[in-house]
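Listed below are the residues making up each chain.
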Amino acid sequence: MAFLTLESLTKTFGNQTTIHGIDLAVERGEFISFLGPSGCGKTTTLRMIAGFETPTSGTIKIDGKDVTDLRPNQRNIGMVFQAYALFPNMTVADNIAFGLKVAKKSSAEITKRVKEMLELIKLPDVGARYPYQLSGGQQQRVALARALAIQPKILLLDEPLSALDAKIRISLREEIRAVQRALGITTIYVTHDQEEALSMSDRICVMNDGRIEQLGTPFEIYNYPTTRFVASFVGTLNILNGQVLDSTSGRLGIDDQEIFTARELGGASTGDTLSLALRPEALSIGHANGGSNNLNGTIDEVHFLGSVVRIRVRFGSNIVSLDTFNRPHSAPPERGQPVTVNFTREDILVLDRPAI
Amino acid sequence: MRARIGPWIAIIVGMIYFLVPLIATFEFSLRMKRGEYSFEAYRIVLGDPNFQASFTYSALIAVAAIIFGVLLVVPTAYVVQLKLPRLRPLVEFITLLPLVIPAIVLVFGYLRMYNSSSWIPLTNSVRGTDFLLTCAYVTLALPYMYRAVDTGLRAIDVRTLTEAAQSLGSSWPRILFQVILPNVRVAVLSGAFLTFAIVIGEFTMASLLNRPAFGPYLQLIGANRAYEPAALAIIAFIITWACMGLIQLFGGGRQNAARR
Amino acid sequence: MAQTTVEIAPSKPRALPLTWLGVVPFMIFALMFLILPAGYLIIGAFQTPDGSFTLQNIANLNQPTIIKAYRLSIAISAASAFGGALLGFLLAYAVVLGNLPRWIRPTMMTFSGVASNFAGVPLAFAFLATLGRSGLVTALITSIFGINIYRYGFNLLSFAGLTITYLYFQIPLMILIMTPAIDGLKREWREASAILGASTWQYWRMIAFPILWPSLLGSFLLLFANAFGAIATAYALTGSSLNIITILLFAQIRGDVLHDPHLGYALALGMILITGLSNGAYIWLRSRSERWVR
Ligand SMILES: Nc1ncnc2c1ncn2[C@@H]1O[C@H](COP(=O)(O)OP(=O)(O)OP(=O)(O)O)[C@@H](O)[C@H]1O
Ligand SMILES: [Mg+2]
């Protein structure tokens with residue numbers, strides 16, 4: 001039995017449907033990310049779980065109990081907002097204590113809990129300060145402590161790091177994950193940063209246009225995207241258009257060259273155009289790599305990125321990028337140079353048909 | 001979420017409180033002829049040579065105050081922003097003083113300082129008194145004018161504009177008139193309309209300086225007539241509304257509050 | 001490029017007149033029309049007619065007419081500021097957080113801009129036509145309820161009448177000041193408090209109100225000063241029959257009714273002190289609240 005379940009959750013604003021029947025089951029202690037482009041409905045879904053928006057239809061269950069019609073203050077959920085939502089008129093300690101005070105806990109208990117939380121977020125000495133005396137990163141840590149102080153059943157975070165600069169983002173996301181693991185709290189984390197989602201989550205829920213595109217572990221999402229959208233949204237992906245030449249043997253035509261897939265192309269018939277995805281790190285130059293697929297092309301562009309050299313190769317109408325390591329003793333290839341790109345059959349991901 | 005009943009009640013009660021006096025005044029202004037509604041009171045008021053004279057006088061003084069005020073405030077706000085930010089607290093304090101010192105106290109001070117036996121006997125001549133009244137109105141409008149212009153200047157990048165103009169070889173009057181002023185035109189305009197709204201019916205200063213302005217004229221009519229004051233109130237309301245509407249139109253937004 | 005560098009050089013010395021032009025006229029103006037006139041009165045309040053120092057003028061303020069005038073002025077200002085602050089706050093709250101139709105807010109703001117500037121003599125006319133002896137509302141109340149409010153002691157030319165009239169510009173002024181402050185209450189604060197288990201009432205008591213109170217109190221003080229210095233409405237409404245401090249000072253300036261010019265200065269000094277203190281407190285409180293509501 002999943003800990004948090006969303007059943008055909010739908011939300012309509014006016015006459016515009018933003019969430020089209022979402023089904024999701026989150027296990028106890030799991031860390032799930034909602035990943036998707038701006039406006040796809042991540043925040044709206046999260047706000048329905050929190051109780052700030054009423055679903056148009058569908059149900060939300062927490063620990064087996066239907067909470068769809070409960071008010072936010074009866075749900076026992078912790079939430080961290082994108083912007084600094086600390087109460088500006090209270091000290092850090094009072095902010096963290098707020099939920100406990102409202103719950104009428106004894107002052108001894110509150111003091112003890114506040115101290116614990118401050119230690120948890122590694123800011124033991126800021127209790128007496130006001131929010132405006134803290135940096136953005138510190139404020140978000142306090143917001144996390146405030147949300148966790150009431151020992152919520154679920155923790156919701158809506159792009160908590162997007163207002164911070166890159167360095168702090170990385171260290172803080174590790175910290176959030178560590179705290180989450182330590183407490184074992186069921187967590188939903190909204191982000192549109194794929195690196196964040198990949199590095200933190202147990203599972204990722206990729207959303208697009210109010211629907212779940214794919215749900216899976218970071219490994220699955222990155223390596224086996226099931227739709228063109230997921231493939232292109234997660235990671236820098238090469239997409240080739242291939243003509244089906246023989247669906248049983250998996251023979252495909254890329255302009256006037258041929259490649260083979262590892263599996264049959266079930267459902268596709270000869271002459272169909274399919275989208276194929278290839279990750280840059282799966283490709284190599286020359287025949288040495290041992291893959292059975294080779295494509296001959298010319299080098300279109302060379303980007304020297306330090307330890308990695310990114311090379312763009314053109315085959316007729318298709319372009320792919322691939323990465324090679326920088327070797328100080330051999331000069332990188334030059335533009336216009338003819339090359340052969342090599343990859344294995346297994347590296348080809350067949351996506352849905354391209355939209356014509 | 002649907003609107004609750006409380007906010008609706010507040011808004012409706014508020015609307016009634018604000019609209020009823022206007023409706024009542026308008027209705028009253030139409031009652032001059034017995035037994036029928038007519039615009040007789042308006043006809044009399046608008047045809048009164050004293051109305052025309054006092055209104056023209058006040059409008060002229062208002063325009064003079066606006067021009068003087070803009071010429072005084074824009075260079076100051078500009079220099080404070082660009083060259084002497086240290087002066088900002090002092091200048092802001094000064095521009096707030098007219099809110100602290102009531103108008104009647106200010107004009108009392110003027111009458112003492114610029115009377116016929118003082119070093120600068122402004123009140124000796126009609127022109128001198130007009131000048132004094134203009135300056136008094138510049139003072140009244142100072143907080144609003146300064147704030148409008150200062151906000152306007154902040155919105156544009158004064159420094160870049162100035163440096164660009166300087167690098168093209170502009171002299172400072174040209175920078176001020178051709179670069180800065182056009183860019184704060186909206187702010188200056190909203191300050192100007194607000195000044196006009198404050199000044200056009202101003203009573204205390206004009207009355208104590210004994211000038212034939214619109215405010216004292218209104219007061220005089222109010223003391224002696226029955227229906228004309230109501231018509232005048234409606235006219236004054238329309239003028240205020242026009243000034244605020246023009247401010248909105250030019251995107252001025254949230255200016256507020258005059259002295260009384 | 002070369003031309004540019006050549007052009008900058010001669011513009012350097014011309015930068016000085018601009019600074020000069022920006023500061024000197026402004027300072028001279030401020031001295032001539034703000035500081036010296038006020039200073040003249042303040043110093044005059046501590047001088048005898050022959051110029052020596054005295055506290056007698058201040059002591060002379062202690063006479064029944066003057067004390068009564070200060071009292072009534074303070075009472076009317078406080079009442080209209082309190083009423084204006086309370087009702088203006090409620091309206092601003094309704095406009096910002098009431099989930100009302102979209103068009104209400106801009107309409108309300110424009111109207112407040114107009115009404116807060118619709119003051120002075122015409123405002124008096126409007127209220128005479130409304131609540132005067134033959135005003136429309138007075139007549140309506142008489143014909144509908146059969147009550148002549150004037151027979152029951154109501155008088156537009158009184159404390160109550162003037163307070164009601166002043167509210168006409170005090171409420172909109174409050175709306176204009178408070179709307180941005182209420183806007184400054186972030187949605188996240190309300191939601192964070194709700195998700196932490198607080199009720200709406202707890203949110204207002206523990207978060208919204210503590211954040212707003214400097215603006216509320218500050219606005220009250222601004223409204224107070226606003227009413228305290230007002231004269232035109234009262235004068236047009238009541239002539240010189242109502243004994244408030246501005247009308248007393250007006251009569252003193254016109255005709256030296258106190259028979260002592262230096263007592264007039266002391267009167268003005270008292271007014272500057274009262275409006276100065278309340279405005280000063282307003283500015284101080286506003287800077288405090290801005291620290292939070294950013
Ligand atoms: N209160 C509302 N009224 C009307 N439409 C809304 C409302 N809230 C959200 N929407 C719409 O719902 C859609 C989804 O919004 P949502 O905020 O959930 O997106 P998001 O995935 O969180 O995007 P972002 O990454 O930009 O935060 C958007 O098209 C938005 O315009
Ligand atoms: Mg969002």
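Chain B has the name ABC transporter permease in an unreviewed UniProt entry, where Kaistia terrae is given as its organism. According to UniProt, the comment filed for chain B under the heading Sequence similarities (unreviewed entry) is "Belongs to the binding-protein-dependent transport system permease family."

For chain A, the name recorded in an unreviewed UniProt entry is Spermidine/putrescine import ATP-binding protein PotA, with Kaistia terrae as its organism. Per UniProt, the comment on chain A under Catalytic activity (unreviewed entry) is "ATP + H2O + polyamine-[polyamine-binding protein]Side 1 = ADP + phosphate + polyamineSide 2 + [polyamine-binding protein]Side 1." The Subunit (unreviewed entry) field of the UniProt record for chain A holds the comment "The complex is composed of two ATP-binding proteins (PotA), two transmembrane proteins (PotB and PotC) and a solute-binding protein (PotD)."

Colleague: Quick rundown of the pairing of strand 11 (residues 238-246) of chain A? Include the residues and the values.
Modeller: Each regular strand carries side chains that alternate between the two faces of the sheet. All names here are of chain A. Here strand 11 pairs with strand 14 (residues 273-278) via six bridges, running antiparallel. The residue of strand 14 that forms the bridge with Asn241 is Ser275. Sheet topology places strand 11 next to strand 12 (residues 251-254); three bridges connect them, and they run antiparallel. Across the sheet, residue Gln243 finds its bridge partner in strand 12, namely Gly253. With antiparallel pairing between neighbouring strands as the criterion, strand 11 and strand 12 make up a hairpin whose turn holds four residues, including Gly250 at a positive phi of roughly 70 degrees.

Colleague: Any details on the interface of chain B and chain C? Residues and values, ideally.
Modeller: At the interface, 91 residues of chain B touch 86 residues of chain C. Between chain B and chain C, a total of about 8,000 Å² is buried, with carbon and sulfur atoms accounting for 78% of that surface. On the surface where chain B and chain C come into contact, there are zero salt bridges. Counting across the interface, chain B meets chain C through 10 residue pairs in polar contact (both at pLDDT 80 or more). At 16 residues, helix 1 (residues 5-29) of chain B tops the list of elements feeding residues into the side of chain B that touches chain C. A per-class count over the side of chain B that touches chain C returns 62 nonpolar, 20 polar and nine charged.

Colleague: Tell me about the UniProt feature "domain: ABC transmembrane type-1" (unreviewed entry) in chain B, residues and numbers included.
Modeller: UniProt tags residues 55-247 of chain B as "domain: ABC transmembrane type-1" (unreviewed entry). For the annotated span residues 55-247 of chain B, helix accounts for 81% and strand for 0% of the residues, and the straight-line distance between the end C-alpha atoms is 21 Å.

Colleague: Let's hear about helix 7 (residues 159-183) of chain C: which residues, and what values?
Modeller: Residues and elements named next belong to chain C. Helix length check: helix 7, at 25 residues, gives a terminal C-alpha distance of 34 Å against a target of 36 Å (1.5 Å per residue), a fit within 8%. Of all the bends in helix 7, the greatest, near 40 degrees, is centred on Leu167. Along helix 7, 20 of the 25 residues are buried, which leaves the element largely enclosed by surrounding structure. Regarding helix 7, its N-cap is Ser158, as a side-chain oxygen of that residue lies 3.4 Å from the backbone nitrogen of Ala160 further along.

Colleague: Tell me about the side chain of Arg113 of chain A, residues and numbers included.
Modeller: All names here are of chain A. Mapped onto the secondary structure, Arg113 falls in helix 3 (residues 107-120). Classification of Arg113 as buried rests on a relative accessible area of 15%. Apart from residues no more than four positions distant in its own chain, Arg113 is found in contact with Leu100, Leu148, Ala149 and Gln151.

Colleague: Quick rundown of a nonpolar patch on the surface? Include the residues and the values.
Modeller: The grouping of Leu140, Ile144, Phe145, Ile147 and Tyr152 of chain C at the surface amounts to a nonpolar patch, some 580 Å² of accessible area in total. Structurally, Ile147 of chain C can be placed in the loop between helix 6 (136-145) and helix 7.

So, how was this worked out
Residues numbered from 1 in each chain as written. Chains lettered and ligands numbered in written order. Predicted model: local features only at pLDDT ≥ 70, side-chain atom pairs only at ≥ 80, totals over all residues. Heavy atoms only, no water. UniProt positions renumbered as here; feature names shortened; annotations may be inferred. Pairing = 2+ DSSP bridges. Helix = DSSP H or I, 4+ residues; strand = E, 2+ residues; numbered from the N terminus. Contact = heavy atoms within 4.5 Å. Buried area = accessible area lost by both parts, 1.4 Å probe. Salt bridge = Lys/Arg side-chain N within 4 Å of Asp/Glu carboxyl O. Polar contact = N/O pair within 3.5 Å; in protein donor to acceptor, adjacent residues only side chain to side chain. Nonpolar A, V, L, I, M, F, W, Y, C, P; charged D, E, K, R; others polar. Expected span 1.5 Å × (residues − 1). Bend = angle between axes of the 7 residues up to and from the residue. Buried < 20%, exposed > 50% of the residue type's maximum accessible area, 1.4 Å probe, protein only. Patch = residues over 30% accessible without salt bridge, like charges linked within 9 Å, V, L, I, M, F, W, Y side chains within 5 Å. Areas by Shrake-Rupley, 256 points an atom, 1.4 Å probe, with all protein chains shown as cover.

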